[in-house]
Amino acid sequence: MNPRKMKQMMKQMGIDVEEIDAERVVIETADGDDLVFDGADVTKMDAQGQETYQIVGSPDAVADAGAGGSPSAVEGGDGSVDATERDAGVTDAIPDEDVALVAERAGVPQSAAREALENVDGDLAAAIAELE
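What counts and how
Within each chain, residue numbers correspond to sequence positions counted from 1 in written order. Local features in this predicted model are restricted to residues of pLDDT 70 or higher, and side-chain atom pairs are both shown and tallied only at a pLDDT of 80 or more, whereas totals for entire chains, interfaces and linings draw on every residue. Calculation of side-chain values draws on the structure's entire complement of heavy atoms; hydrogens and water are dropped beforehand. One bridge is not enough; two strands pair if DSSP finds at least two bridges between them. Counting from the N terminus, the helices are DSSP H or I runs at least four residues long and the strands are E runs at least two residues long. Here an angle of 0 to 180 degrees is reported between the N-to-C directions of two axes, which are lines fitted to C-alpha atoms, with helices fitted over the stretch in contact. As a per-residue quantity, pLDDT reports the predictor's confidence and falls between 0 and 100. Between two residues, a contact is recorded if the distance between any of their heavy atoms is within 4.5 Å.

J.: Would you explain the sheet that holds strand β2 (residues 24–27) in this entry?
T.: Sheet strands pair via backbone hydrogen bonds, and the direction of the pair is either parallel or antiparallel. The sheet built from three strands is open, its strands ordered β2-β3-β6 with antiparallel pairing. Of all strands in the sheet, those bounded by a partner on one side alone are β2 and β6 (60–62). On average, each strand axis in the sheet is tilted by 25° relative to the strand beside it, whichever way the strands run. Pairing geometry for strand β3 (residues 34–38) and β6, over three bridges, is antiparallel. From the neighbouring strand, L35 faces β6, where its bridge partner is A61.

J.: Would you take a moment to explain the sheet that holds strand β1 (residues 15–20) for this structure?
T.: Strand order in this open sheet of three strands is β1-β4-β5, and the pairing throughout is antiparallel. Edge positions in the sheet fall to β1 and β5 (50–56), since each of these pairs with one other strand and no more. Strand-to-strand, the axes of this sheet are offset by a mean angle of 20°, without reference to chain direction. Examined bridge by bridge, β1 and strand β4 (residues 41–47) share six bridges and lie antiparallel to one another. When the sheet's bridge partners are listed, E18 is paired in β4 with K44.

J.: Honestly, the confidence of the model for the chain in this entry has me stumped. Any pointers?
T.: In low-pLDDT regions, the fine details of the predicted coordinates are not to be read closely. Looking at the chain as a whole, the pLDDT averages 78, with 79% of positions reaching at least 70. Throughout residues 70–91 the model reports pLDDT below 50, and contacts reaching past four residues in sequence, or to other chains, amount to 17 contacts.

As structure tokens, this is what we get:
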């Protein structure tokens, strides 16, 4: 089918297509062998609010691509703790100033504030929202 006609038909059906200029795409898998696409063609389709991404290319299987997509991964010196440090018990305690601030803002005892901060990995706003 003619690509121009295909685009026209998709537009009539409410499907928007956008090419994404991606340099690298990483798919982290549960078994630890991540898939890395360098220079892949990526297309985003939006059909009635549902986004779908298509990746065209040949992936390389890598033991750990280091994309850091897990919520516990650390990107830099931002004070957060990565999974290795947490699992090894190298975590820093929640600062007392943070505990006091959350307790005051949420109107709860400091013990409840500390527990909420630990539940959300030290995120002040999330801890306050959890307690309210």
